[in-house]
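# A closer look at the structure
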Amino acid sequence: MLFSLFWTFFKIGLFTFGGGYAMIAHIKETVVDEKHWTDDDELTEIIAVAESTPGPIAINLATYVGYNMAGVLGSAAATVGVVIPAFIIMFIISLFLDTVMDNRFVAYAFEGIKCAVAFLILSAGTKMLKGMKKTPFPLTVFIISLAVLLLLNFFSVSFSSLIFIICGGILGLVFYVLTKEKRESKK
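First, a word on what this report is: a plain description of the structure on this page. (Residues numbered from 1 in each chain as written. Predicted model: local features only at pLDDT ≥ 70, side-chain atom pairs only at ≥ 80, totals over all residues. Heavy atoms only, no water.)

Attention now goes to the side chain of Ser75. Structurally, Ser75 is set in helix H4 (residues 57-101). For Ser75, a relative accessible area of 11% gives the class buried. Discounting chain neighbours no more than four positions away, the residues touching Ser75 are Thr63, Gly66 and Tyr67. (Helix = DSSP H or I, 4+ residues; strand = E, 2+ residues; numbered from the N terminus. Buried < 20%, exposed > 50% of the residue type's maximum accessible area, 1.4 Å probe, protein only. Contact = heavy atoms within 4.5 Å.)

Glancing now at the packing of aromatic side chains. The geometry of two aromatic rings is summed up by the distance between their centres and the angle between their planes. The final tally for this structure, using the stated rule, is five aromatic pairs. Look at Phe3 and Trp7: their rings are 6.3 Å apart centre to centre, the planes differ by 5 degrees, and that puts the pair in the stacked class. On the criterion of helical spacing, the pair formed by Phe3 and Trp7 is a turn pair, its members being four residues apart in helix H1 (residues 2-15). For Trp7, a relative accessible area of 40% translates into the label partly exposed. Summarising the aromatic geometry, the rings of Phe154 and Phe155 are spaced 4.9 Å apart at their centres and angled 85 degrees between planes, so their arrangement reads as edge-to-face. By the burial criterion, Phe154 is exposed, and Phe155 matches it. (Phe/Tyr/Trp six-rings, centres within 6.5 Å; stacked < 30°, edge-to-face > 60°.)

One number sums up the size of the largest pocket: a volume of about 2,200 Å³. Ala48, Met128, Val141, Phe142 and Ser145 are the residues nearest the centre of the largest pocket, which is lined by 48 residues in total. Secondary structure elements with two or more residues in the lining of the largest pocket: helix H2 (20-34), helix H3 (40-52), helix H5 (104-131), helix H6 (136-154) and helix H7 (161-186). Across the lining of the largest pocket, the residue classes tally to 29 nonpolar, 14 polar and five charged. (1 Å grid on protein atoms, 1.4 Å probe; cavity = no way out; pocket = protein on both sides within 12 Å on 5 of 7 lines; lining within 4 Å. Points joined across faces, edges and corners; volume = space filled by probe spheres on them. Nonpolar A, V, L, I, M, F, W, Y, C, P; charged D, E, K, R; others polar.)

What follows is about the nonpolar core. Counting residues in each nonpolar core, the largest one holds 23 residues, and the members touching the most others are Phe9, Ile27, Val31 and Leu61. Of all the secondary structure elements, the ones that give two or more residues to this core are H1, H2, H3 and H4. When residues of this core are assigned to their parent elements, the largest contribution, eight residues, is made by H4. Setting aside residues up to four positions removed in sequence, Ile27 forms contacts with Phe9, Ile12, Val32 and Leu61. (Core = buried A, V, L, I, M, F, W, Y, C linked by side-chain atoms within 4.5 Å.)

What follows covers the environment of Gly131. With respect to the helices and strands, the residue Gly131 is situated in helix H5. For Gly131 and Ile144, which are 13 residues apart along the polypeptide, the C-alpha to C-alpha distance reads 19 Å.

A few words on the packing of H2 against H3. When two helices pack together, their arrangement is given by the angle between their axes and by how far apart the axes lie. Viewed as axis vectors pointing N to C, H2 and H3 meet at an angle of 150 degrees, and their least axial separation amounts to 11 Å. Comparing their axes, H3 and H2 come out roughly antiparallel. Viewed along their axes, H2 and H3 form a crossing whose handedness is right-handed. Here H2 contributes Tyr21, Ile24, Lys28, Val31 and Val32 to the contact with H3, which in turn contributes Asp40, Leu43, Ile47 and Glu51. Looking at the contact of H2 with H3 residue by residue, the class counts come to six nonpolar, no polar and three charged. (Axes fitted to C-alpha atoms, helices over the stretch in contact; angles between N-to-C directions. Parallel < 35°, antiparallel > 145°, perpendicular 65-115°, else oblique. Left-handed = near helix turned anticlockwise from the far one by under 90°.)

All quantities given are derived from atomic positions and should not be read as evidence of function.
Have a look at this one:
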């Protein structure tokens, strides 16, 4: 299991460009659809926790999935697996960066990669939206968050995503407290 975790996340780290958010779609495809290590609902919760904890989201996801499958050693195997490819690639690029960045073909390639990364992030977001439970609370939080995000971007207001995370957490706690009596009365 440890080698399987390491190798799976090594391949994810090696073949995904654009950082953690771009990796979400690949991680979902691999750990939910292919390996069945978790399901859509749990992965959505893992993503929420991974986003709200310090560190890159892909590393946090790998750590959590690894821990879920094989404890502390599993989390270490998955984390090391997802980190090593980026480390090796960045090391090699740093050796040739000055020479390569002056090449116009490389500059064009990076522009193309930026577009592909934007698509990967959008794809991950739409897959998460499709997998989201369509109950009033999550839909309301999603619509409000999207509206506020669009308004802030439209008016060029600088706003930390940490505020969105904190507000979402507070709303979740308030919703939990308000619906706790309903859940207990049904038991």
